[in-house]
Amino acid sequence: MSSPPLHAATAHASSPRKRTRPSSPPQAHKPKQKRRARVTVHPDETTQVTGQDRYKLPLADADAYYFPDFVDPRTAQRWHDELLNLEEWYQPTLKIYGKPVTQSRKIAAFATDPSLDVNYSGTTVRMSYDYPPLLREIQDLVEAKLDVKFNHVMLNLYENGQIYIGNHRDNRENRVIASLSLGAPRTFILTHDKTPPLASSSSLSSASLPKAAAAKKKTRAARSESATMRPTLPSPPPPSSASGVATVKDDDDHHGDVTDASSRAPPPPQPLVYSHRFTLENGSLVVMQGTMQQHWKHQIPKEKLVTQSRISLTFRQLVF
C-alpha cells in the first residue's frame, strides 16, 4: 500500500486549526444608583428665599412666608382643573405602626434628576421624571418669583373636606419647601414644639396698669405747672432736616421737640407666636425653610363644609 504524498501530508499538518472562542454573555444594563437627600448641608449648597419680609410670618424659631395672592384665582382654578387629569395620580401604601395602610390622599411626584429617590412613612415614592408642560410652566414661575431652584415636586389631591393631613413635620433634608394651593380654600395650622415663654417679670401686670397710668398723669400735671411758672421766651425756629422738612415729635414726655425724619425709630416688630392658624386661599403660596422643620409641625384638618377639591403643589429643594 503506497503512502500518501509527502507534500500533501505536510500541507495538511501545517494548516492552522481554527479556534472557537466562547461567546461572552451580554452585559446587563446597570440601573442608575439612587441617591437620598442629605440632612447636613453647607450653606453654599443651597439657596433660600430672601427679600420678602412683607410676607414673613411672625413665628418663633422659624423662617416662613405666606403669599396670599401668588397667582390670581382664575388662573389657579384653571391649573387645578387641568392637573386633575394627570395620569400619574395614585394612592401610596404607607406603613403605620408596622401595618400597611392605603393613604386617603392621591399623590403624583416628579423630579428633575433621575437618580433622586424620596421615601416617607415607610414607602418609596413612585417618581416620574418627564414633567408635563403645565407643571414645568408652574415650577418655572415659582422659581422665578422666589429666586430659588427646586428639583422635586409632589402633588397632593384633597378631594373634599374629609381628606386631611394630620399634625406632622417634613423631613429635615427639605431645605426649602414652597407649597402652592389650587382650588378650594383649606385651613392650615402651625404649632411650635414648645409652649410660649412666660411674660417677663419686668413688664407691667394688668393690676398695676391703673397705678402706672395715675402716676403718669400726676407727672404730666407737675410738668405743666412748672412750665406756667417759668417766663415765656420766644422759641427758635425748628432746624430743617437734610430733606428740608422738619418733623415734630409728639409724645408724652417731650412735647414740641424737633427731630429729623431720618432719625425716627422704626415701628416695633410684631411679637413672635408659637401657634398660627390661617386659610390657604386659592392661588396662595406658603414657604417654609431653614431649620423650621426642627421646631414646628403643620396640619390641614377635616372640614365637613368643604365640598370642592384642592391640589397642593409642594416644591422641594433637596441636596444630595
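Definitions and cut-offs
- Residues numbered from 1 in each chain as written.
- Predicted model: local features only at pLDDT ≥ 70, side-chain atom pairs only at ≥ 80, totals over all residues.
- Heavy atoms only, no water.
- Helix = DSSP H or I, 4+ residues; strand = E, 2+ residues; numbered from the N terminus.
- Buried < 20%, exposed > 50% of the residue type's maximum accessible area, 1.4 Å probe, protein only.
- Lys, Arg positive; Asp, Glu negative; His and termini not counted.
- Salt bridge = Lys/Arg side-chain N within 4 Å of Asp/Glu carboxyl O.
- Contact = heavy atoms within 4.5 Å.
- Pairing = 2+ DSSP bridges.
- Axes fitted to C-alpha atoms, helices over the stretch in contact; angles between N-to-C directions.
- 1 Å grid on protein atoms, 1.4 Å probe; cavity = no way out; pocket = protein on both sides within 12 Å on 5 of 7 lines; lining within 4 Å.
- Points joined across faces, edges and corners; volume = space filled by probe spheres on them.
- Nonpolar A, V, L, I, M, F, W, Y, C, P; charged D, E, K, R; others polar.
- UniProt positions renumbered as here; feature names shortened; annotations may be inferred.
- Polar contact = N/O pair within 3.5 Å; in protein donor to acceptor, adjacent residues only side chain to side chain.
- Core = buried A, V, L, I, M, F, W, Y, C linked by side-chain atoms within 4.5 Å.

1. Quick look at the side chain of Arg105
- Relative to the elements of secondary structure, Arg105 occurs in the loop between strand E3 (99–102) and strand E4 (106–111).
- No salt bridge is formed by the buried Arg105, whose closest oppositely charged neighbour, Asp170, lies at an N-O distance of 8.5 Å.
- When near neighbours in sequence (up to four residues on either side) are disregarded, Arg105 contacts Tyr90, Gln91, Pro92, Asn156, Leu157, Tyr158, Ile163, Tyr164 and Ile165.

2. Observations regarding the sheet that holds strand E8 (residues 152–158)
- One open sheet accounts for seven strands, arranged E1-E15-E10-E17-E8-E4-E7; its pairing is mixed. Every interior strand has two partners, whereas the edge strands, strand E1 (63–67) and strand E7 (127–128), have only one.
- Strand direction decides the pairing type here: E4 and E7, joined by two bridges, are parallel. Note that in E7 the partner of Phe110 across the bridge is Ser128.
- Against the sheet, helix H3 (residues 133–146) makes contact with E1, E4, E8, strand E10 (174–183), strand E15 (285–289) and strand E17 (310–318), and its axis sits at roughly 60° relative to E17, the strand it touches most.

3. Considering the layout of surface pockets
- In this structure, the largest pocket occupies an estimated 930 Å³ of space.
- In terms of residue count, the dominant contributor to the lining of the largest pocket is E17 (five residues).
- A per-class count over the lining of the largest pocket returns 18 nonpolar, 17 polar and eight charged.

4. Some details on the UniProt feature "binding site: 2-oxoglutarate" (unreviewed entry) in the chain
- UniProt annotation of "binding site: 2-oxoglutarate" (unreviewed entry) refers to Asn156, Tyr158, His168, His298, Arg310, Thr314 and Arg316 when read in the numbering used here. In the annotated set above, the residues contributing to the lining of the largest pocket are Asn156, Tyr158, His168, His298, Arg310, Thr314 and Arg316.
- Of note, Asn156 is situated in strand E8.
- Each residue touching Asn156, except ones within four places of it in the same chain, is listed here: Trp89, Arg105, Lys106, Ile107, Arg310, Ile311 and Ser312.
- Side chain to side chain, Asn156 and Arg105 meet in a polar contact 3.0 Å long.

5. Brief notes about the nonpolar core
- Counting 32 residues, the largest nonpolar core has Leu83, Ile138, Leu146, Leu155, Val287 and Leu313 as the members making the most contacts within it.
- Mapped by element, the contributors of at least two residues to this core are E1, helix H2 (73–83), E4, H3, E8, E10, E15 and E17.
- Looking at which element gives the most residues to this core, the answer is H3, with five residues.
- Each residue touching Leu146, except ones within four places of it in the same chain, is listed here: Val49, Phe67, Phe70, Ala178, Leu285 and Val287.
- Of all hydrophobic cores here, the second largest spans 18 residues; its members include Tyr158, Ile177, Leu280 and Met292.

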